[in-house]
Structure formats: structure tokens, C-alpha cells
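Analysis of the macromolecular model
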Amino acid sequence: MLLSPEEYKHRENNAFINNLKSQHGHFYLMTEGGTSPSSVKHLSNVFSQMETSEFDHSIVPVGMGGTIAGLASGMGSKVLVIGISSVKADKSLNHRVRTALIDADLHDHYNWEISYDYHFGGFGKAKPELTEFAIGFEQQTGIELNQTYTMKSAFAMIDLMRKGKISNVLWMNTYNPN
């Protein structure tokens, strides 16, 4: 079953979930993106095997926090992982990342942060500056971006590099158009 946008806002509320169970019986609640403990742990394992000495920073788009949790845990304390929020001000993201690490039984290296500076109007929204950037980026690199997450994180990466705030960066493209 799919939830309406209004219902979706309550997706983590136990009373709401229990009400769904009373209406529909037993069901499996599918987590979003990479937020399940097994997904976070898998990401951590993948990135712990990566040679990180060539990176000082990593940029990753953030929706629910699972990908940044796995990436930050796997990268260890030598790489600062900057999550680019796709929403204006979801201050629960820090808590979500910490919870994802705890639920996956992973160590928090405190090597991550969430930036809300590149939301471009909010979730799924884009301003002309971002759209123009994405067109040029895709033409130069051949990497397709999506409006919700990866356009914003790619823009943030280039902007932070131009400003001299990051260097030697690993950018996580979480979009797969196929």
C-alpha cells in the first residue's frame, strides 16, 4: 500500500503504524533508501575497504541519513563526510544518522556533518541557477543528476571546492537512472 503525502508525515509514529496494523493486519514496513541497519552496515563495510588516504572530504546527498551513516562509519576519522540535505531544515537528520549508526551497531567517528546551505527551495525543488549548473555538469561529465538529491550535492561540491573549503573530495552519486 502507498501512503498519501499527509499519511507519509506520520510514517515513524508508533500510534500511526499500530493503527495501520489494526486496519490491514500484519505487514512489512519498508524503510527508505539505505536506512535499514543491514544497508548501513553494508555501506560501512564497503567504504572501510577503500583507500581513504587520498581523500580529505566526502560529499553525499542526504535524504533519511542511512547513506551518510554507512559512509562516515566506513571512512573512519580521517575523512570529513559532508551530507547535503535535500530539505530546508530537517534538524532531525543528525538524530537519524546517529540512530542509523546505533541500530547498525557501528562506531560513530564524529567525522560527519549535515549542510542545509544547498536545498534550493526544499525537497524536489530547484532554482534556475541549480538547473543551469546541472545541465553544464551533465554535459561536461556525462553523469546524469536528479533534481531531488544529486544536483544539490554536486553543486555543493563544486561550490565548496571553488571557495577553497574542501579539496581531495570523494563525491557520492546515489542516483541510478536505469
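First things first, this report covers the structure right here in the doc.

**Describing the pairing of strand 2 (residues 80-85)**
Of all six residues making up strand 2, five are buried, and the element is well covered by its neighbours. By the bridge criterion, six bridges tie strand 1 (residues 57-62) to strand 2 in an arrangement that is parallel. Within the sheet, the bridge partner assigned to P61 lies in strand 2 and is I84. Read from strand 1 through helix 4 (residues 66-75) to strand 2, the crossover connection turns out right-handed. Note: strand 2 against strand 3 (residues 112-115), four bridges, orientation parallel.

**Quick word on the packing of helix 6 (residues 128-141) against helix 7 (residues 150-162)**
Running from N to C, helix 6 and helix 7 cross one another at 85 degrees; their axes reach a closest spacing of 10 Å. Considering their axes alone, helix 6 and helix 7 lie roughly perpendicular with respect to each other. For the pair helix 6 and helix 7, the contacting residues are E129, L130, T131, F133, A134 and F137 in the first and M151, K152, A154, F155, M157 and I158 in the second. Taken together, the residues of the contact of helix 6 with helix 7 sort by class into nine nonpolar, one polar and two charged.

**Considerations on the packing of aromatic side chains**
Taken as a whole and judged by the stated rule, the model has six aromatic pairs. Between F133 and F137, the aromatic rings sit 5.6 Å apart at their centres with planes inclined by 35 degrees, giving tilted as the arrangement. Here the residue F133 and the residue F137 both occupy positions in helix 6, the gap between them amounting to four residues, near one helical turn. A relative accessible area of 16% means that F133 is categorised as buried. By relative accessible area, F137 is classed as buried at 8%. When the ring of F137 is compared with that of W171, the centres are 5.6 Å apart and the planes differ by 80 degrees; the resulting orientation is edge-to-face. In this pair, F137 sits in helix 6 while W171 sits in strand 4 (residues 169-171), placing the two residues 34 residues apart along the sequence. Put simply, the rings of Y118, F120, F133, F137, F155 and W171 touch in pairs and so form one group of aromatic residues. The lysine or arginine in question, K91, covers the ring of Y116, its NZ or CZ lying 4.0 Å from the ring centre.

Cut-offs and rules
- Residues numbered from 1 in each chain as written.
- Predicted model: local features only at pLDDT ≥ 70, side-chain atom pairs only at ≥ 80, totals over all residues.
- Heavy atoms only, no water.
- Buried < 20%, exposed > 50% of the residue type's maximum accessible area, 1.4 Å probe, protein only.
- Helix = DSSP H or I, 4+ residues; strand = E, 2+ residues; numbered from the N terminus.
- Pairing = 2+ DSSP bridges.
- Right-handed = clockwise from strand over helix to strand, strands pointing away.
- Axes fitted to C-alpha atoms, helices over the stretch in contact; angles between N-to-C directions.
- Parallel < 35°, antiparallel > 145°, perpendicular 65-115°, else oblique.
- Contact = heavy atoms within 4.5 Å.
- Nonpolar A, V, L, I, M, F, W, Y, C, P; charged D, E, K, R; others polar.
- Phe/Tyr/Trp six-rings, centres within 6.5 Å; stacked < 30°, edge-to-face > 60°.
- Lys NZ or Arg CZ within 6 Å of the ring centre and 35° of its normal.

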